[in-house]
Amino acid sequence: MANPLTGVKDAVFRWFEPASIAFILIVWSLLPPDLASNPMTIFWAGIATKAVILALEFVHERHAGWRLNRRELLTDLFYVVLAYTVVQYANDHVTDAGLLALKQSLGIATPGLMNLPVAVQALLIVFIIELGQYWLHRGMHNWRPLWLLHAPHHHITQLNALKGVVGNPLELFLVFASVVALFDFSLPALFCAGHLLTAITCFAHANVRFNPPAWYAHIFTTIAHHSLHHSVAYEDTRCNYANALILLDRLFGTFRTGETDTVGQDGRRRLSIREQMLFPVLPEINGARSSAGQII
């Protein structure tokens, strides 16, 4: 006799992703303005989302080879802290500050956006960010200088909910950047969009046996889509570039179906944190040291 709990579990992991998207949109739409505009709200919402999705990896694991261990967890936490502090600070004080100054000097104003419902604004923000990130990501796989920045992220040898922020800091700075500061979106909508992107990108890296409905997988990036992007063969990585909206890959002809449980680059060589930091200049360093037989 079939275990009824199995059916419940299958239903939970089928609908968890779309339900989470709906939940985030509804909650940010209903939060009191003071709470919805408080930076600590999005900070703790992001942390809680990562923690919940990471916990699900121990409930319904996708691949045993991606099982989290102490070394991977400590490494990933280092990058989470880096992303939430140094990279976010640089984005706020360089990218966004520069765009706000440009916006003011050019007299760009879109006040009508603030009159839209928070959920509608948030979805527009996600689309704007993802459209830019799609082309940036595609460029990273087709132009060597950008690939050297991005390649450390592809040297991860397992996927989990925290892996989305593992990479060279310069790449993370580019990934965090967007032109959204040129538009007059409300702060709650910006936070809601950030929460959505955090959830979707965590889903797309998580070692969880999610099985979302076809309509969800047609629009949003899933772990199956993104695992294929992390294939070991470099040419096989040149697909499924969208971090959150796989629909963009479908529209621009870079979508591929399938999944893999074997990820990494250079024979699946795992990079240390030091190697991740130095990777963009390693060819020059190794070239200078090759005569002495010392290769990093």
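Residues numbered from 1 in each chain as written. Predicted model: local features only at pLDDT ≥ 70, side-chain atom pairs only at ≥ 80, totals over all residues. Heavy atoms only, no water.

**Q** I tried to follow the packing of aromatic side chains on my own but got confused; where do I start?
**A** The relation between two aromatic rings is expressed through the spacing of the ring centres and the mutual angle of the planes. A complete count under the given rule lists 16 aromatic pairs for this structure. When the centroid spacing of 6.1 Å and the interplanar angle of 85 degrees are considered together, the rings of Phe-16 and Phe-203 count as edge-to-face. Taken together, the positions of Phe-16 in helix H1 (residues 4-30) and Phe-203 in helix H8 (residues 187-205) put the pair 187 residues apart, joining distant regions of the chain. For Phe-203, a relative accessible area of 1% puts it in the buried group. Ring plane angle 75 degrees and centroid distance 6.2 Å describe the contact between Trp-215 and Tyr-216, whose orientation is recorded as edge-to-face. Ring pairs connect the aromatic residues Phe-13, Phe-16, Phe-203 and Phe-210, which therefore count as one cluster. Residue placement shows Arg-250 over the ring face of Phe-255; its charged tip is 3.9 Å from the ring centre. (Phe/Tyr/Trp six-rings, centres within 6.5 Å; stacked < 30°, edge-to-face > 60°. Helix = DSSP H or I, 4+ residues; strand = E, 2+ residues; numbered from the N terminus. Buried < 20%, exposed > 50% of the residue type's maximum accessible area, 1.4 Å probe, protein only. Lys NZ or Arg CZ within 6 Å of the ring centre and 35° of its normal.)

**Q** Mind showing me how you'd approach the packing of helix H5 (residues 118-140) against H8 here?
**A** Packed helix pairs are characterised by how far apart their axes lie and by the angle those axes make with each other. Packing of H5 against H8 brings their axes to within 8 Å, and their N-to-C directions diverge by 55 degrees. With respect to H8, the axis of H5 lies oblique. In this structure, the crossing between H5 and H8 has a hand that is right-handed. Contact residues: Val-118, Gln-121, Ala-122, Leu-123, Ile-125, Val-126, Ile-129 and Glu-130 in H5; Pro-188, Ala-189, Leu-190, Cys-192, Ala-193, Leu-196 and Leu-197 in H8. (Axes fitted to C-alpha atoms, helices over the stretch in contact; angles between N-to-C directions. Parallel < 35°, antiparallel > 145°, perpendicular 65-115°, else oblique. Left-handed = near helix turned anticlockwise from the far one by under 90°. Contact = heavy atoms within 4.5 Å.)

**Q** Whenever I open this one, helix H3 (residues 39-56) confuses me. Can you help?
**A** Each α-helix turn comprises 3.6 residues. Residues three or four places apart therefore point the same way. Under the 1.5 Å per step criterion, the end-to-end length of H3 is 26 Å for 18 residues, consistent within 8% with the ideal 26 Å. Where H3 begins, one side-chain oxygen reaches toward the backbone nitrogen of Met-40, 2.9 Å away; that side chain belongs to Asn-38. (Expected span 1.5 Å × (residues − 1). Polar contact = N/O pair within 3.5 Å; in protein donor to acceptor, adjacent residues only side chain to side chain.)

**Q** Before we go on, may I ask you to explain the state of the cysteines in this structure?
**A** Structurally, a disulfide amounts to a covalent bond that connects the sulfur atoms of two cysteines. As enumerated under the stated definition, the model contains zero disulfides in all. The structure places no disulfide on Cys-192, whose sulfur is separated from the nearest cysteine sulfur, that of Cys-202, by 15 Å. Given a relative accessible area of 0%, Cys-192 falls into the buried group. (Disulfide = S-S within 2.5 Å.)

**Q** Teacher, can you tell me more about empty space enclosed by the protein here?
**A** Gaps left between atoms show up when a probe the size of a water molecule is rolled over them. What the rule picks out here adds up to one cavity of 30 Å³ or more. Put simply, the largest cavity is a space of about 70 Å³. Along the walls of the largest cavity sit Glu-72, Thr-75, Asp-76, Tyr-79, His-155, Ile-156, Thr-157, Lys-163, Val-166, Arg-270, Leu-271 and Gln-276, which together make up its complete lining. The element contributing the most residues to the lining of the largest cavity is helix H4 (residues 70-106), with four residues. (1 Å grid on protein atoms, 1.4 Å probe; cavity = no way out; pocket = protein on both sides within 12 Å on 5 of 7 lines; lining within 4 Å. Points joined across faces, edges and corners; volume = space filled by probe spheres on them.)

**Q** Please clarify how a nonpolar patch on the surface should be interpreted in this entry.
**A** On the surface, Trp-15, Trp-135, Trp-215, Ile-219, Leu-247, Leu-251 and Phe-252 cluster together into a nonpolar patch covering about 700 Å² of accessible area. Where the nonpolar patch is concerned, the elements lending two or more residues are helix H9 (214-219) and helix H11 (247-252). In terms of residue count, the dominant contributor to the nonpolar patch is H11 (three residues). (Patch = residues over 30% accessible without salt bridge, like charges linked within 9 Å, V, L, I, M, F, W, Y side chains within 5 Å. Areas by Shrake-Rupley, 256 points an atom, 1.4 Å probe, with all protein chains shown as cover. Salt bridge = Lys/Arg side-chain N within 4 Å of Asp/Glu carboxyl O.)

**Q** Can you walk me through the packing of H4 against helix H7 (residues 169-176) in this structure?
**A** It is the contact of H4 with H7, at a shortest axis distance of 9 Å, that shows an interaxial angle of 55 degrees. Looking at the two axes, H4 sits oblique to H7. As for how H4 packs across H7, the hand of that crossing is right-handed. Side by side, H4 and H7 meet where Leu-82, Ala-83, Val-87, Gln-88, Ala-90, Asn-91, Val-94 and Thr-95 of the first sit next to Pro-169, Leu-172, Phe-173 and Phe-176 of the second. When the residues that make up the contact of H4 with H7 are grouped by side-chain class, the tally is nine nonpolar, three polar and no charged. (Nonpolar A, V, L, I, M, F, W, Y, C, P; charged D, E, K, R; others polar.)

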